[in-house]
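# Topology and contacts: notes
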Amino acid sequence: KGTASISSTHALNKQLRSTTFPTNFSQKVHTNKLHRVIFQTWIEQRVTELLGFEDEIVGSTAVHLFLPEVTTNTAGGDDNNGGGEASYAQDVDPR
């Protein structure tokens, strides 16, 4: 009996549907306004704290999951960014 509830996501989905989240969770986060180096350092320190030892692979994986990659436009094409400006791959939805 106990393993069926673990393998089924029905109960979890039902609980998520009935959960009410704060209104600020519906606001998208514009990652181009973040200080990437500060967040990267914090994420790596927090991962090290949770694991109890330093692991570069897990830390960098966590950073890449939470912070999208930066692409630089050097051609100055038609994408409204202008030449040489950094643009981020996407906005992160906090939900």
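Every value quoted in this text rests on a predicted model; they were computed, and no experiment measured them.

### Some thoughts on the overall build of the protein
- Of the regular secondary structure elements, the protein holds 4 helices and 2 strands.
- Listing the helices and strands of the protein from first to last along the sequence gives α-α-α-α-β-β.
- Relative to its 95 residues, the protein shows a buried fraction of 12%.
- A sequence separation of at least 24 residues applies to 44% of the contacts in the protein between residues at least 6 apart.
- For the protein, the accessible area works out to roughly 8000 Å², and carbon and sulfur atoms hold 55% of it.

### Concerning the confidence of the model for the protein
- In this model, the protein carries an average pLDDT of 75, and 65% of its residues clear a pLDDT of 70 or more.
- The least confident element of the protein is strand S2 (residues 86-88), whose mean pLDDT is 51; the most confident is helix H3 (residues 36-51), at 92.
- pLDDT under 50 marks residues 81-85. Its contacts with residues more than four places away, or in other chains, come to 12 contacts.

### Section: the packing of aromatic side chains
- Tallied over the entire structure, the rule returns 1 aromatic pair.
- Taking the centre distance of 6.1 Å and the plane angle of 25° together, the rings of Phe 21 and Phe 25 count as stacked.
- Overall, Phe 21 belongs to the partly exposed group, its relative accessible area being 46%.
- Note on Phe 25: relative accessible area 35%, which makes it partly exposed.

### Overview of the pattern of salt bridges
- Enumeration over the complete set of coordinates arrives at 1 salt bridge.
- Here Arg 46 ties to Glu 49 by a salt bridge, and the two come within 2.6 Å at their closest N and O atoms. A residue pair is termed a helical-turn pair when its members lie 3 or 4 positions apart in one helix, as Arg 46 and Glu 49 do in helix H3 at 3 residues.

### Structural notes on H3
- In a regular helix each residue adds 1.5 Å, so 16 residues correspond to 22 Å; H3 covers 22 Å between its end C-alpha atoms and thus fits that length.
- If you check which residues of H3 are buried, you get Arg 36, Ile 43 and Val 47. Burial along H3 is one-sided: seen end-on, the buried residues are contained in an arc of 30°. Turned more than 90 degrees from where H3 packs its buried face, Val 37, Ile 38, Trp 42, Gln 45 and Glu 49 sit exposed.

### A short note on a nonpolar patch on the surface
- On the surface, a cluster of nonpolar side chains totalling about 380 Å² of accessible area is made up of Leu 12, Leu 16, Phe 21 and Phe 25.
- Relative to the helices and strands, Phe 21 resides in the loop between helix H2 (10-18) and H3.

### Overview of the nonpolar core
- Residues Ile 43, Val 47, Ala 62, Val 63 and Leu 67 constitute the largest nonpolar core, which totals 5 residues.
- Beyond its immediate stretch of four places on either side in the chain, Leu 67 contacts Leu 34, Arg 36, Phe 39, Gln 40 and Ile 43.

Rules used in this analysis
- Residues numbered from 1 in each chain as written.
- Predicted model: local features only at pLDDT ≥ 70, side-chain atom pairs only at ≥ 80, totals over all residues.
- Heavy atoms only, no water.
- Helix = DSSP H or I, 4+ residues; strand = E, 2+ residues; numbered from the N terminus.
- Buried < 20%, exposed > 50% of the residue type's maximum accessible area, 1.4 Å probe, protein only.
- Contact = heavy atoms within 4.5 Å.
- Areas by Shrake-Rupley, 256 points an atom, 1.4 Å probe, with all protein chains shown as cover.
- pLDDT = per-residue confidence, 0-100.
- Phe/Tyr/Trp six-rings, centres within 6.5 Å; stacked < 30°, edge-to-face > 60°.
- Salt bridge = Lys/Arg side-chain N within 4 Å of Asp/Glu carboxyl O.
- Expected span 1.5 Å × (residues − 1).
- Arc of directions from axis to C-beta.
- Patch = residues over 30% accessible without salt bridge, like charges linked within 9 Å, V, L, I, M, F, W, Y side chains within 5 Å.
- Core = buried A, V, L, I, M, F, W, Y, C linked by side-chain atoms within 4.5 Å.

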